[in-house]
Amino acid sequence: MRKEVILITGANGEIGHGLITYLAQHCSTPILALDVQPIDEDIAKLCSRFILGDIMDQMLLGRLVGEYEIRTIYHLASILSTKAEYNPETAHRINVEGMLNLLRMAVEQSQWQTNPVKFIYPSSIAAYGFPNVAAKTAAGKITEDQWTFPTTMYGCNKLYCEHLGRYYSRHYKQLASGELYENRVDFRCLRFPGLISAFTTPTGGTSDYGPEMLHHAAAGEPYKCFVRPDTTLPFMVMPDAVKSLIQLEETPRQNLSQLVYNVTSFSPSAQDFYKYVLSAFPKAEISFDPDKKRQGIVDSWPADLDDSAARKDWGWKPDYGEKASFEEYLIPVIRQRYQK
Ligand code: SER
């Protein structure tokens, strides 16, 4: 008999850390973790098995189908927006072909199961794209189907992967005779704002100025913020990001009126961030030194998201607003971490 597991790709990343910690405490299904990087000891011990491997390795994924009964996949592995611009074609291969490999694996898995395989996928504010700051400011909160004109390779990849998820859920091999492929993959996707964790810093993102400012200040290291003080993006803390993934996974399919949902919490400017950080760490050495090109990417992303569909369909509501995110989660936890 194959062993039932939850598969998490990109397990050693920011979201992976938060999600594995949560699942290990609240869910009895064992976790199969996959990452191209060795996994940190603190989360390795929470997983039933860790595989050091690549989502591009189709042989590896094929072997997993033979060995495990995978009912839920959290496909977190991705090359983020800044890193992707240094080698867009490689990023495309990992982000899109990697996704394709996982979706194909989900279809294969589902042939051995009665229920469709749940495929939970984090998309991003990078799927949006404004031509200039004036348009961004005028637009305010935007819904899932507005302004989807990404300017980064990462954003293009995320938007296209959302379409792939829909295709594999509803239209895969639609001309095949006999066997019906519909409903083999139960694809569910969140468009995340910038995420901030008290435990890890992201690698290679463009919303990273927020978390970097905070972690540098706590570590007593100077930080040059690469965007202007007035730059505004939506953000959310990791406990809320994990909560949204879990809630979306648990919602009965019939309650979901769409496949892709915005979720968000608060929209601080970089100056607001600076104020919170400085009030907690008065000796922090933070300066603003905008990088024109990275600024351009952030300026193309929305300042706020309309997440009313998630609120209506599955009762989404963040636990941490702006003040609580800093005062009840980020600052106390980070302070304790760096004091050790
Ligand atoms: N945090 C991501 C990035 O900056 C956006 O989803 O690339």
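Please refer to the structure higher up on the page.
Residues numbered from 1 in each chain as written. Predicted model: local features only at pLDDT ≥ 70, side-chain atom pairs only at ≥ 80, totals over all residues. Heavy atoms only, no water.

### Notes on the side chain of Ser123
Using the following cut-off: In this text, helices come from DSSP runs of H or I with a minimum length of four residues, and strands from runs of E with a minimum of two, each type numbered from the N-terminal end. Side-chain atoms alone can form a polar contact between residues adjacent in sequence; in general such a contact is a pair of N or O atoms within 3.5 Å, and within protein one must be able to donate a hydrogen while the other accepts it. Whether two residues are in contact is decided by their heavy atoms, any of which lying within 4.5 Å being enough.
Mapped onto the fold, Ser123 is located in strand E5 (residues 117–124). A polar contact of 2.5 Å, which involves the side chain of Ser123, links it to the side chain of Glu162. Sequence-distant contacts of Ser123, that is, excluding residues within four places in its chain, are made with Lys158, Glu162, Cys189, Leu190, Arg191 and Phe192.

### Some thoughts on the site of the ligand
Filter applied, for reference: One heavy atom within 4 Å of a molecule or strand makes the whole residue count as near it. Only Asp, Glu, Lys and Arg are considered charged in this grouping, and only Ala, Val, Leu, Ile, Met, Phe, Trp, Tyr, Cys and Pro are considered nonpolar; every other residue, Gly among them, is considered polar.
In the neighbourhood of the ligand, the contacting residues comprise Leu80, Ser81, Ser124, Tyr154, Gly205, Thr206, Ser207 and Trp301. Side-chain polar atom of Ser81 to an oxygen atom of the ligand: 2.5 Å apart, as the coordinates give it. Grouping the constituent residues of the shell around the ligand by class yields three nonpolar, five polar and no charged.

### Topic: the packing of helix H8 (residues 209–219) against helix H10 (residues 270–280)
Quick note on the threshold: A fitted line through C-alpha atoms serves as each axis, taken over the contacting stretch for helices, and the angle formed by two N-to-C directions is quoted from 0 to 180°. Here is the rule for angles: anything less than 35 degrees is roughly parallel, anything more than 145 is roughly antiparallel, 65 through 115 is roughly perpendicular, and the remaining ranges are oblique. Here a crossing is taken to be left-handed if its near helix is turned anticlockwise relative to the far helix by less than a right angle, and right-handed if that turn runs clockwise.
Their axes nearest at 10 Å, the elements H8 and H10 cross at an angle of 20 degrees. It follows from the interaxial angle that H8 and H10 lie roughly parallel. In this structure, H8 crosses over H10, and the sense of that crossing is right-handed. Along the contact surface, H8 presents Tyr209, Gly210, Met213, Leu214 and Ala217, while H10 presents Ala270, Phe273, Tyr274 and Val277. Residues of the contact of H8 with H10, tallied by class, amount to eight nonpolar, one polar and no charged.

### Topic: the packing of H10 against helix H13 (residues 322–339)
As a packed pair, H10 and H13 sit with axes 11 Å apart at the nearest point and diverge in direction by 45 degrees. When the interaxial angle is binned, H10 and H13 end up oblique. With respect to the hand of their crossing, H10 and H13 are arranged in right-handed fashion. Listed contacts from H13 to Phe273, Tyr276 and Ala280 of H10 are Glu322, Lys323, Phe326, Glu327, Ile331 and Arg335.

### Quick word on the packing of aromatic side chains
Stated precisely, the cut-off is as follows: Aromatic rings from Phe, Tyr and Trp, taking only the six-membered ring of Trp, are treated as a pair when their centres fall within 6.5 Å; an angle between ring planes under 30 degrees marks them as stacked, one over 60 as edge-to-face, and anything in between as tilted. Burial classes follow relative accessibility: with a 1.4 Å probe on protein chains only, a residue under 20% of its type's maximum area counts as buried, one over 50% as exposed, and anything between as partly exposed.
Counting across every chain of the model gives 16 aromatic pairs. Their ring planes at 85 degrees and their centres at 5.6 Å tell us that Tyr167 and Tyr168 sit as a pair that is edge-to-face. The class for Tyr168 is buried, based on a relative accessible area of 6%. Centroid distance Tyr209 to Phe226: 5.8 Å. Interplanar angle 90 degrees. Geometry classified as edge-to-face. With Tyr209 in helix H8 and Phe226 in the loop between strand E9 (223–225) and strand E10 (235–237), this residue pair connects regions lying 17 residues apart in the sequence. The exposure classification of Tyr209 matches that of Phe226, with both residues buried. Taken together, the ring pairs in this structure connect Tyr209, Phe226, Phe235, Phe266, Phe273, Tyr276 and Phe326 into an aromatic cluster.

### Regarding the environment of Ser28
Tracing the backbone shows Ser28 in the loop between helix H1 (14–26) and strand E2 (31–35). Expressed as a C-alpha distance, the spacing of Ser28 and Val5, which sit 23 residues apart in the sequence, is 9.6 Å.

### A few points about unusual backbone geometry
The phi dihedral of Trp147 is positive, around 55 degrees, even though this residue is not glycine. Note that Trp147 resides in the loop between strand E6 (141–142) and helix H7 (153–170). The exposure class assigned to Trp147 is partly exposed, which follows from its relative accessible area of 31%. Look at Lys173: it is not a glycine, yet its phi comes out positive at around 50 degrees. Within the fold, Lys173 resides in the loop between H7 and strand E7 (185–192). Given the relative accessible area of 41%, Lys173 is considered partly exposed.

### With respect to the sheet that holds strand E11 (residues 260–262)
Threshold: At least two bridges found by DSSP between two strands are what make those strands a pair.
Strand order in the open sheet made by the seven strands is E3-E2-E1-E4-E5-E7-E11, with parallel pairing throughout. On the outer flanks of this sheet lie strand E3 (49–52) and E11, each paired with one strand and no other. Ignoring strand direction, the axes of neighbouring strands in this sheet form an average angle of 20 degrees. Of the strand pairs in this sheet, strand E1 (residues 3–9) and strand E4 (residues 68–75) are connected by seven bridges, and their pairing is parallel. Considered in E4, the bridge of Ile6 is made with Thr72. Relative to E7, H7 is tilted by about 155 degrees, and along the sheet it contacts E5, E7 and E11.

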